[in-house]
Amino acid sequence: FRYVALYHCPDPIIADAILPRRMDTLILGILAAILVLRGNIQWEKYDLTIRLVPMFAMIAVILLHLAHPALSKIFGHFVLGIGAASFILMIVRDLPEAQRFKSKFLCLFADISYATYLTHIAVLGLMHGLFLGTTPDIDTPAKIAVTLLALPAAFATGWAITRFVEAPFNAYG
């Protein structure tokens, strides 16, 4: 599917963003969660491997791109998905690499990240429309300034949605 989307979709942005093109990376994260939740794996035996896989995944993607750029467009996301799933396992296993991700500041951004992701384009579009009467872009100093102003606005929107919509539903559920 990734090959067909990349080389036969008329719009490269759509080809890059549609879910079926990225579903393998999503499935890798789901698979990692299932493995953790099953609870019957002796993780200690795999801790070193879990710690090394993200580094090897990045190296593999770089080498793949250098050897054959077209193949890296097709398989690179999958390889990076394996690295990302392993990185998440490092954090879940509380391995040494996970310690730097325990600050309250980073945890706040983790908590609001999904709501921010869902709303950031709307915030960016509204701010560019309200302040400049244009669509979002960074081709002028004014547009760059509005884009930079949209960043804290997007985080504030994500925080508000997390706090007043998502958290009450999670508490209820």
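The following refers to the structure shown. (Residues numbered from 1 in each chain as written. Predicted model: local features only at pLDDT ≥ 70, side-chain atom pairs only at ≥ 80, totals over all residues. Heavy atoms only, no water.)

### Quick notes on the overall build of the protein chain
Thinking step 1. Secondary structure summary: the protein chain contains 7 helices and 0 strands in total.
Thinking step 2. When the elements of the protein chain are put in sequence order from the N terminus, they spell out α-α-α-α-α-α-α.
Thinking step 3. Taken against the 2.2 N^0.38 rule, which gives 16 Å for 173 residues, the C-alpha radius of gyration of the protein chain at 20 Å runs more than 25% over that of a compact globule.
Thinking step 4. Dimensions of the protein chain, computed from C-alpha atoms along their principal axes, come out at roughly 55 × 45 × 30 Å.
Thinking step 5. When burial is assessed residue by residue, the protein chain has 22% of its 173 residues classed as buried.
Thinking step 6. For the protein chain, the share of sequence-separated contacts (at least 6 apart) that also reach a separation of at least 24 residues comes to 52%.
Thinking step 7. Split by element, the accessible area of the protein chain, about 12,000 Å² in all, is 74% carbon and sulfur.
Thinking step 8. Across the protein chain, the 13 positively charged side chains and the 11 negatively charged ones have centroids separated by 5 Å. (Helix = DSSP H or I, 4+ residues; strand = E, 2+ residues; numbered from the N terminus. Rg over C-alpha atoms; globule rule 2.2 N^0.38 Å. Buried < 20%, exposed > 50% of the residue type's maximum accessible area, 1.4 Å probe, protein only. Contact = heavy atoms within 4.5 Å. Areas by Shrake-Rupley, 256 points an atom, 1.4 Å probe, with all protein chains shown as cover. Lys, Arg positive; Asp, Glu negative; His and termini not counted. Charge placed at Lys NZ, Arg CZ, Asp CG, Glu CD.)

### Things to note about a nonpolar patch on the surface
Thinking step 1. On the surface, Leu48, Leu52, Met55, Phe56, Met58, Ile59, Ile62, Leu63, Leu66 and Leu80 cluster together into a nonpolar patch covering about 990 Å² of accessible area.
Thinking step 2. Broken down by element, the residue count for the nonpolar patch peaks at 9 residues, all from helix H4 (residues 47-67).
Thinking step 3. Turning to its location among the elements, phenylalanine 56 is positioned in helix H4. (Patch = residues over 30% accessible without salt bridge, like charges linked within 9 Å, V, L, I, M, F, W, Y side chains within 5 Å. Salt bridge = Lys/Arg side-chain N within 4 Å of Asp/Glu carboxyl O.)

### Let's talk about the packing of aromatic side chains
Thinking step 1. Taken as a whole and judged by the stated rule, the model has 5 aromatic pairs.
Thinking step 2. Between phenylalanine 87 and phenylalanine 101, the ring centres sit 5.4 Å apart and the planes meet at 90 degrees, which makes this aromatic pair edge-to-face. Of this pair, phenylalanine 87 sits in helix H5 (residues 69-92) while phenylalanine 101 sits in the loop between H5 and helix H6 (104-132); the two residues are 14 residues apart in sequence, bridging distant segments of the chain.
Thinking step 3. On the accessibility criterion, phenylalanine 101 (32% relative accessible area) is partly exposed.
Thinking step 4. Each ring, one from phenylalanine 105 and one from phenylalanine 109, has its centre 4.9 Å from the other, and the planes form 75 degrees; the classification is edge-to-face. Taken together, the positions of phenylalanine 105 and phenylalanine 109, both in helix H6 and 4 residues apart, correspond to about one turn of that helix.
Thinking step 5. Clustering of aromatic rings is evident, with ring pairs tying together Phe105, Phe109 and Phe155. (Phe/Tyr/Trp six-rings, centres within 6.5 Å; stacked < 30°, edge-to-face > 60°.)

Just geometry here; none of it tells us what the structure is for.
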